[in-house]
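Chain by chain, the residues:
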2 protein chains.
Amino acid sequence: MTVPRLTTALSGPLADLERRLLASQADGERWLRGQWQDHAAPFYCSVDLRNSGFKLAPVDTNLFPGGFNNLNPEFHSLCVQAVMTAIEKSCPDARGVLLVPENHTRNQFYLQNVVVLQQLLRQAGVNVRIGSLLPEITAPTELTLDNGAKLKLEPIERRGNRVLVDGFDPCVVLLNNDLSSGAPDILRNLEQTVLPPLHAGWTVRRKSHHFGVYRRVAEEFAKLIGIDPWLINPYFEKCGKINFQEKKGEECLEGYVAEILDDIRAKYKEYGITQDPFVIVKADAGTYGMGIMTVKDPSEVRGLNRKQRNKMAVVKEGLQVHEVMVQEGVYTFEHVEDAVAEPVVYMIDHFVVGGFYRVHTQRGQDQNLNAPGMEFRPLAFASPCSSPNPDDPGCPPNRFYAYGVIARLALLASAIELEETEAALESGAAPRVAAAS
Amino acid sequence: MTVPRLTTALSGPLADLERRLLASQADGERWLRGQWQDHAAPFYCSVDLRNSGFKLAPVDTNLFPGGFNNLNPEFHSLCVQAVMTAIEKSCPDARGVLLVPENHTRNQFYLQNVVVLQQLLRQAGVNVRIGSLLPEITAPTELTLDNGAKLKLEPIERRGNRVLVDGFDPCVVLLNNDLSSGAPDILRNLEQTVLPPLHAGWTVRRKSHHFGVYRRVAEEFAKLIGIDPWLINPYFEKCGKINFQEKKGEECLEGYVAEILDDIRAKYKEYGITQDPFVIVKADAGTYGMGIMTVKDPSEVRGLNRKQRNKMAVVKEGLQVHEVMVQEGVYTFEHVEDAVAEPVVYMIDHFVVGGFYRVHTQRGQDQNLNAPGMEFRPLAFASPCSSPNPDDPGCPPNRFYAYGVIARLALLASAIELEETEAALESGAAPRVAAAS
């Protein structure tokens, strides 16, 4: 796989940030090692980053990553090694894994992701079968993908507190399905280990919770390496009671948009940045890519037209949006040829195993690149994220290392977030995992 | 790095063995995972394998591997990831590592190995300095290698129970020195973690102990996957009281040589193998490559001539040989062009991180390829050892996977061997680690 060289409009501060991360590598890695002694990383995770040249920050953290097919196959061995560690930690006794994918049967890219995941798990030495939640899968069904790969979907059976497919009794259920419509009954109260846990699904998880934890993580890390936490942390606020169709809660939204724009403006002034500040308004739960808008002025969220309101009101699986996050927008200043590019970093257990650029020719530097129906070109990272060279400032591996550090901070935030959710569920302070609708 | 395809004279049994290993992958990996819950892998390890087409077995296990420069640089990221795991386990709090190499200052290949090791440790996020045991290194000394790389050797200082170099106070001392001449006083009774432990050095370690443990490991594993353990385990015996120069102990040697040759002959008959059996006689302690001979008839070890006796009597650092191991010789049937080739597998913590072929044009299939002054060409494995494809029997990644499994059995034997040695030292059943002579 050939990976063209990215051009990045590097201005001072990011080069500074990279330098700080590299200069503090031993302290930073030691701190991270300490964190992983206290917090268990989720099985896997992908983090969308935005790199504005002056700022490098996560904007979305996915606990059911669906783009393993976009990674550089030359580094699949890193994934295999990390899967071995993940299995060792959570289920050393496992021989069989049931992989439960999203209910897509026509999205070739997604299905290729499932094929790659299955292959990585097999190479790590476990037997893998694919259990589908689709009601129409009533018998083993083999799909042949456009690239020739084959994929066998099998109906999941429930026997007591276990799930099986065709007599195959797995030790672990690995979800690659973000449970946007809730946890189906067939997966509830299993005696088998479910990874990630059901409460990592979107009926329980909230982006604002994640970014609240991330803020604490980023502040501690920024203090450790002596930087302004804002350089790695986007401002955000949450509006909890929105009803777009009934035009309720717009004042809350408008107020936070104004507040965050003001805060960004102050920081831009401090750093001499001349771009226009912008914020992203998005659903607090659910898959990134729907229910999302770019806003540069508070007045834009007042009196949305019908089309805009409909767009914001629902996300994947028809889930209604009542909770909204207003997040500082981070420009992406990385380009591949004429297209804007945004890095996505993949992690298994607590290891960075690769990543790719989401490249989009039709979108601007201030827009979400993970849009519905978007035709992004994935562009795998050419080198692993673990080979920085402090003697060669500005070299791509240093950039990848910086990505890997920030992505791991988001991963750590996820680990803490899931712990907190679990504790809240146990104490009854949070609602139970919703059943599938 | 281009790696030519190896040709292997595959006969039935090895293809069978590969097939068995692949068919039992989930069981085998699960068993290994269980073993690593009970036994801590050494920091790193390399294993010399011999692949005779009908048999695949370790013949030497090195706990201070010196060929990291021979690995495929494309897979250095696997090493970095494994180093991160190794450090996490044994010293998560570490920021600084003192690497103590062999006392070679002119062996370019070895020094390149030290450069690569230093780089891998740095990329894993620790500060590394190189502390030399050479008495002539009294001040920081920078060497420039033939390939342009630079290496700074610094004198080790002892302060109380710690070692330092020039004010750098490491948390960990990583030995890449096999302590053939004993553990120097400066490294004894340190409060810093020493990896591998001093008792992994050759004044304490015995090959016969290692292969005794390996025999148990191989038998258990062979039972698990349903194969004859002989297919992965070479016969051996130990003669404890040899004095080559005084011609003492030759009867013991001759007796064991005869016994092992008979045992091999019986197995060859069972499997219809027509080659001549042979054994390797080697020093029970000390670096492979000296004090070693190929024997096809018991009479060969009686009445050795002066030259042969001198060759066998001493190994590295002038260490006298009084203990000898007689080990079943395993033919190497792998070739690169016209040269015989023997695989060497590298592991960090319990992960296979790569390997290379030791290729030698001047030697036969029944000879040790790690001979003094040998001019071997190292040939890095083209793919990682973790990407077997059961649907493509005979493909190189399947061969590499098989190598990785057998190498990990030897690694596991090392882990158990070091535990046993430590217990014996603690109970006083074994002599203390010898001081440097």
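Not measured: the values here are computed from a predicted model.

A look at the relation of the copies chain B and chain A
Then, in step 1: Overlaying chain B on chain A yields an RMSD of 0.0 Å, the required transformation being a rotation through 180 degrees with an accompanying axial translation of 0.0 Å. The superposition of one copy onto the other is thereby described by a two-fold rotation axis. Looking at the rotation axis and the C-alpha trace of chain B, the residue lying nearest is leucine 78 of chain B, at 2.9 Å.
Then, in step 2: In this assembly, 100% of the residues forming the interface of chain B have copies in chain A that are likewise at the interface, indicating an isologous arrangement.

Topic: the packing of aromatic side chains
Residue and element names in this part refer to chain B.
Then, in step 1: Within the structure shown, the criterion is met by 34 aromatic pairs over all chains.
Then, in step 2: Ring geometry for tryptophan 230 versus tyrosine 268: centroids 6.2 Å apart, planes at 70 degrees, classification edge-to-face. With tryptophan 230 in the loop between helix H5 (207-225) and strand E12 (236-239) and tyrosine 268 in helix H6 (residues 250-271), this residue pair connects regions lying 38 residues apart in the sequence.
Then, in step 3: According to the relative accessible area criterion, tryptophan 230 is buried, its value standing at 4%.
Then, in step 4: The exposure class assigned to tyrosine 268 is buried, which follows from its relative accessible area of 3%.
Then, in step 5: Considering the side-chain rings of tyrosine 346 and phenylalanine 356, the 5.6 Å spacing of their centres and the 40 degrees angle between planes classify their relative orientation as tilted.

A few points about the pairing of strand E17 (residues 339-348) of chain B
All names here are of chain B.
Then, in step 1: Counting buried positions along E17 gives 10 out of 10 residues, so the element sits mostly inside the fold.
Then, in step 2: Side chains Ala339, Ala341, Pro343, Val345 and Met347 project from E17 onto one buried face, and the interleaved Val340, Glu342, Val344, Tyr346 and Ile348 project onto a second face that is buried too.
Then, in step 3: Bridge analysis of E17 against strand E18 (residues 351-360) gives nine bridges, and the strand direction is antiparallel. Bridging from a neighbouring strand, alanine 341 pairs with valine 359 of E18.
Then, in step 4: Linkage of E17 to E18, two consecutive antiparallel strands, is achieved through a turn of two residues, within which aspartate 349 is found at a positive phi near 50 degrees.

Quick word on helix H7 (residues 306-313) of chain A
Since the α-helix packs 3.6 residues into each turn, any two residues three or four apart lie on the same face.
All names here are of chain A.
Then, in step 1: Arg309, Met312 and Ala313 are the residues of H7 that are buried. Buried residues in H7, looked at end-on, bunch into an arc of 100 degrees, giving them a common side.
Then, in step 2: Looking at the buried positions of H7, the neighbouring elements they touch are strand E13 (279-283) and strand E14 (292-295).
Then, in step 3: Among the residues of H7, the N-terminal cap falls to asparagine 305, whose side-chain oxygen and the backbone nitrogen of lysine 307 are separated by 3.2 Å.

Analysis parameters
- What you see as residue numbers is a count from 1 along each chain, following the sequence as written.
- Labels follow written order: the first chain is A, the first ligand is 1, and so on.
- Where totals are concerned, whole chains, interfaces and linings use all residues; where local detail is concerned, this predicted model gives features only for residues with pLDDT of at least 70, and gives and counts side-chain atom pairs only at 80 or more.
- In computing side-chain values, all of the structure's heavy atoms are included and hydrogens and water are not.
- Alignment of copies: least-squares fit on C-alpha atoms of residues with pLDDT of at least 70 in both copies.
- Contacts: residue pairs with any heavy atoms within 4.5 Å of one another.
- Between the rings of Phe, Tyr and Trp (Trp by its six-membered ring), a pair exists once the centres lie within 6.5 Å; its type follows the angle of the planes, with under 30 degrees stacked, over 60 edge-to-face, and the other angles tilted.
- A run of DSSP states H or I qualifies as a helix once it reaches four residues; a run of E qualifies as a strand once it reaches two. Both are numbered from the N-terminal end.
- When accessible area is computed with a 1.4 Å probe and restricted to protein chains, residues below 20% of their type maximum are described as buried, those above 50% as exposed, and intermediate ones as partly exposed.
- In this description, strands pair whenever DSSP reports at least two bridges between them.
- Along the arc lie the directions from the helix axis toward the C-beta atoms.
- We call two N or O atoms a polar contact when they sit within 3.5 Å, provided that within protein one can donate a hydrogen and the other can accept it, with sequence-adjacent residues counted only if both atoms are side-chain atoms.

Shape is all these values report; function is a separate question.
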